[in-house]
Amino acid sequence: MESKSKSTKSALKRLKYLPKMGTAFIFLILLVAAYLLFAGRKSDALQSGWILMHLPDFYIHVSNFTLSYILYASIGYVWLLIGIDLKKIIILGIIIIAINFIFELWIPVLNTRDVVDAYYGCVGTAFGFFFLFITKKLGLRPNITVEK
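None of the values given here were measured: they were computed from a predicted structure. (Residues numbered from 1 in each chain as written. Predicted model: local features only at pLDDT ≥ 70, side-chain atom pairs only at ≥ 80, totals over all residues. Heavy atoms only, no water.)

**Section: the side chain of H61**
Inspection of the secondary structure assignment puts H61 in helix 4 (residues 58–82). Residue classification places H61 among the buried positions, given a relative accessible area of 7%. Within the structure, H61 has its side chain in polar contact with the side chain of D114 (distance 3.4 Å). Reaching out from H61, the side chain makes a polar contact with the side chain of D117 at a distance of 2.5 Å. Residues contacting H61, with those up to four places away along its chain left out, are D114, V116, D117 and Y120. (Helix = DSSP H or I, 4+ residues; strand = E, 2+ residues; numbered from the N terminus. Buried < 20%, exposed > 50% of the residue type's maximum accessible area, 1.4 Å probe, protein only. Polar contact = N/O pair within 3.5 Å; in protein donor to acceptor, adjacent residues only side chain to side chain. Contact = heavy atoms within 4.5 Å.)

**Quick notes on the packing of helix 4 against helix 5 (residues 86–106)**
Axis separation between helix 4 and helix 5 bottoms out at 10 Å; the angle between their running directions is 160 degrees. On the basis of the axis angle, helix 4 is roughly antiparallel to helix 5. Crossing of helix 4 over helix 5 shows right-handed handedness. Contacts from N64, S68, L71, Y72, I75, G76, W79 and L80 in helix 4 reach L86, K88, I89, I90, L92, G93, I96, N100 and E104 in helix 5. Broken down by class, the residue content of the contact of helix 4 with helix 5 amounts to ten nonpolar, five polar and two charged. (Axes fitted to C-alpha atoms, helices over the stretch in contact; angles between N-to-C directions. Parallel < 35°, antiparallel > 145°, perpendicular 65-115°, else oblique. Left-handed = near helix turned anticlockwise from the far one by under 90°. Nonpolar A, V, L, I, M, F, W, Y, C, P; charged D, E, K, R; others polar.)

**Thoughts on helix 2 (residues 21–39)**
In this model, helix 2 (19 residues) spans 27 Å end to end at C-alpha, consistent with the 27 Å of a helix rising 1.5 Å per residue. What helix 2 keeps buried is the set T23, F27, L31, A34 and L37. In an axial view of helix 2, the angular spread of the buried residues amounts to 125 degrees, which keeps them on one side of the axis. In helix 2, those exposed residues whose orientation departs by more than 90 degrees from the buried face are M21, F25 and Y35. The secondary structure elements touched by the buried residues of helix 2 are strand 1 (17–19), helix 3 (49–54), helix 4 and helix 6 (115–138). (Expected span 1.5 Å × (residues − 1). Arc of directions from axis to C-beta.)

**Describing helix 6**
Compared with an ideal rise of 1.5 Å per residue, which puts 24 residues at 34 Å, helix 6 spans 35 Å between its outermost C-alpha atoms and is within 8% of the ideal. Contact partners of the buried residues in helix 6: helix 2, helix 4, helix 5 and strand 2 (140–142). Residue D114 occupies the N-cap position of helix 6, its side-chain oxygen lying 3.1 Å from the main-chain nitrogen of V116.

**A look at the side chain of S68**
Among the structural elements, S68 can be located in helix 4. Side-chain polar atoms of S68 contact the backbone oxygen of N64, separated by 2.9 Å. Here N100 takes part through its side chain, which lies 2.9 Å from a polar atom of the side chain of S68. Excluding residues within four positions of it along the chain, S68 makes contact with I96, N100, G121, G124 and T125.

**Quick notes on the packing of aromatic side chains**
Enumeration over the complete set of coordinates arrives at nine aromatic pairs. Measuring from ring centre to ring centre gives 4.0 Å for F27 and Y77, while their planes differ by 10 degrees; the resulting arrangement is stacked. One end of the pair, F27, is in helix 2; the other, Y77, is in helix 4, with 50 residues separating them in the sequence. Assigned by exposure class, F27 and Y77 land together as buried. Seen from their ring centres, F58 and Y120 are 5.9 Å apart, and the 50 degrees between their planes marks the pair as tilted. Taken together, the residues span a long stretch of sequence, with F58 in helix 4 and Y120 in helix 6 at a distance of 62 residues. Taking relative accessible area as the criterion, F58 reaches 7% and is therefore assigned buried. (Phe/Tyr/Trp six-rings, centres within 6.5 Å; stacked < 30°, edge-to-face > 60°.)

As structure tokens, this is what we get:
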């Protein structure tokens, strides 16, 4: 048990930044929200009437939105904690957007071509970028125990 605790402390020492408590909480809330939106594809009980009123086809395309958001926000969040520059995180977002379009327009494996799906992926990536940008500017604190 003690070795597990030491390895966790050692891993934390390698992080350049630590999230503020509110940032970590918001990150988890947004992940849960994305998973609930994704689950709404199959469960009417999890579908939002407000969303359906404004975007009737939302749950047809929600998988691209949520997968892009979860992928980008999760990887980007970890990259921010280890100190990777925001420019590289932006490049990751551009790659995710490009993959959305490539997959939706030219790779019909287990997929029907639908450019609207790619647009939803772009919006999910944009939401992820917004979270990561705010996190970079306001949601991190230096890790004073970082190993040099």
